Amino acid sequence: MSSVSLEANSPCIEASWKKVVGEEFQQPYMQSLRSFLRHEKDAKKIIYPKGADIFKAFEYAPIEKVKVVILGQDPYHGPGQAHGLCFSVPPNIALPPSLQNIYKELQDDLGIKPAKHGCLVSWAKQGVLLLNSVLTVENGKAASHQGKGWEQFTDKVIAVLNQQTRPIVFVLWGAYAQRKGQVIDASKHLVLKSVHPSPLSVYRGFFGSKPFSQINDFLVRHHQTPIDWKLPENPEN
């Protein structure tokens with residue numbers, strides 16, 4: 001993992017987000033997380049995503065532009081996969097199974113043919129915050145950075161979004177995301193829940209849940225521009 005500073009005065013997170021969550025970088029849990037990541041790096045462990053991409057979801061979706069939050073668990077743990085956006089992979093990386101299933105549901109829901117790549121940057125740039133609960137992971141070891149402090153940071157992010165006056169769509173796929181989203185005010189925001197798009201659960205309620213049309217219907221009803229879910233043929237990094 002290339003170095004990334006978690007200090008409060010660091011430019012590691014987008015400016016609008018720093019205004020509302022910057023104080024978190026001064027908290028004891030963040031100091032512990034910083035020490036943990038430094039120890040892992042000193043031990044020559046491979047950490048994903050690279051340092052410059054850890055907060056990439058926030059860079060693409062400044063807080064005032066967030067319309068939709070899709071909540072993931074932790075980054076992909078294979079080489080080259082994680083780039084700071086949940087469920088997304090960089091161009092020229094094979095599509096993970098969960099993302100393949102997301103594309104299948106998108107086609108069933110809105111008739112959009114699956115993209116040949118897995119880069120979801122165009123969604124993020126439209127105000128879809130692709131937020132993992134845990135922002136780093138060790139190579140080949142799923143969930144290896146859970147319980148180290150990231151969850152507290154992303155809880156704060158969700159709390160800040162929950163406090164926004166404009167209605168936001170929160171997409172909670174799977175029990176983990178649904179537990180984390182229990183604080184969301186469903187009387188103000190739209191909360192969409194289903195099983196996770198993993199091959200282990202996808203046939204138990206993800207297929208047929210039609211989240212994409214529900215999101216856009218909600219946005220239109222609340223005088224917001226709907227998301228163009230069709231991904232460009234030539235993705236951006």
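Keep in mind that what you see is a predicted model, and the values were worked out from it rather than measured.

**Student:** Sorry, what's going on with the packing of aromatic side chains here?
**Tutor:** Under the definition given, this model contains 15 aromatic pairs. Ring centres 6.1 Å apart and planes at 55° place the aromatic pair tryptophan 123 and phenylalanine 212 in the tilted group. Of this pair, tryptophan 123 sits in helix H5 (residues 121-125) while phenylalanine 212 sits in helix H8 (residues 211-221), and the two are 89 residues apart along the sequence. Side by side, tryptophan 123 and phenylalanine 212 carry an identical accessibility label, which is buried. Ring-pair connections join several aromatic residues into one group, and the members of that group are Trp17, Phe25, Phe55, Phe58, Trp150 and Phe153.

**Student:** Would you mind going over the pattern of salt bridges with me for this structure?
**Tutor:** Proximity of charged atoms lets side chains of opposite charge pair with each other. Under the defined criterion, the tally for this structure stands at five salt bridges. Residue lysine 45 pairs with glutamate 40 through a salt bridge whose shortest N-O separation is 3.3 Å. The exposure class of lysine 45 is partly exposed, given its relative accessible area of 31%. What makes glutamate 40 buried here is its relative accessible area of 5%. For the salt bridge of lysine 141 with glutamate 138, the shortest nitrogen-to-oxygen distance reads 3.6 Å.

**Student:** Help me understand the sheet that holds strand E3 (residues 128-132) in this model?
**Tutor:** Within a beta sheet, neighbouring strands are joined by backbone hydrogen bonds and run either parallel or antiparallel to one another. With respect to topology, four strands assemble into an open sheet ordered E3-E2-E5-E6, the strand pairing being parallel. Edge positions in the open sheet fall to E3 and strand E6 (190-194), since each of these has one partner strand only. Neighbour-to-neighbour, the strand axes of the sheet open up by a mean angle of 20°, direction not taken into account. For strand E2 (residues 68-72) and strand E5 (residues 169-173), the ladder comprises four bridges, and the chain directions are parallel. Within E5, the residue paired with leucine 71 across the bridge is leucine 172. Against the sheet, H8 contacts E2, E5 and E6, and its axis sits at roughly 165° relative to E5.

**Student:** Sorry if this is basic, but what is going on with helix H6 (residues 150-162) here?
**Tutor:** Side chains of residues three or four places apart in an α-helix project in the same direction, reflecting 3.6 residues per turn. Between its terminal C-alpha atoms H6 stretches 18 Å, which fits the 18 Å expected from 13 residues at 1.5 Å a residue. What H6 keeps buried is the set Trp150, Glu151, Phe153, Thr154, Val157, Ile158, Val160, Leu161 and Asn162.

**Student:** What is the right way to read the nonpolar core from this model?
**Tutor:** The tendency in soluble globular proteins is for nonpolar side chains to be buried side by side. With 70 residues, the main nonpolar core has Trp17, Phe55, Phe58, Leu129, Phe153 and Leu161 as its most contacted residues. In terms of residue count, H6 provides more of this core than any other element does, six residues in total. Excluding residues within four positions of it along the chain, phenylalanine 153 makes contact with Ile13, Val21, Glu24, Phe25, Tyr29, Met30, Phe55, Phe58 and Leu135.

Procedures and definitions
Residues numbered from 1 in each chain as written. Predicted model: local features only at pLDDT ≥ 70, side-chain atom pairs only at ≥ 80, totals over all residues. Heavy atoms only, no water. Phe/Tyr/Trp six-rings, centres within 6.5 Å; stacked < 30°, edge-to-face > 60°. Helix = DSSP H or I, 4+ residues; strand = E, 2+ residues; numbered from the N terminus. Buried < 20%, exposed > 50% of the residue type's maximum accessible area, 1.4 Å probe, protein only. Salt bridge = Lys/Arg side-chain N within 4 Å of Asp/Glu carboxyl O. Pairing = 2+ DSSP bridges. Axes fitted to C-alpha atoms, helices over the stretch in contact; angles between N-to-C directions. Contact = heavy atoms within 4.5 Å. Expected span 1.5 Å × (residues − 1). Core = buried A, V, L, I, M, F, W, Y, C linked by side-chain atoms within 4.5 Å.

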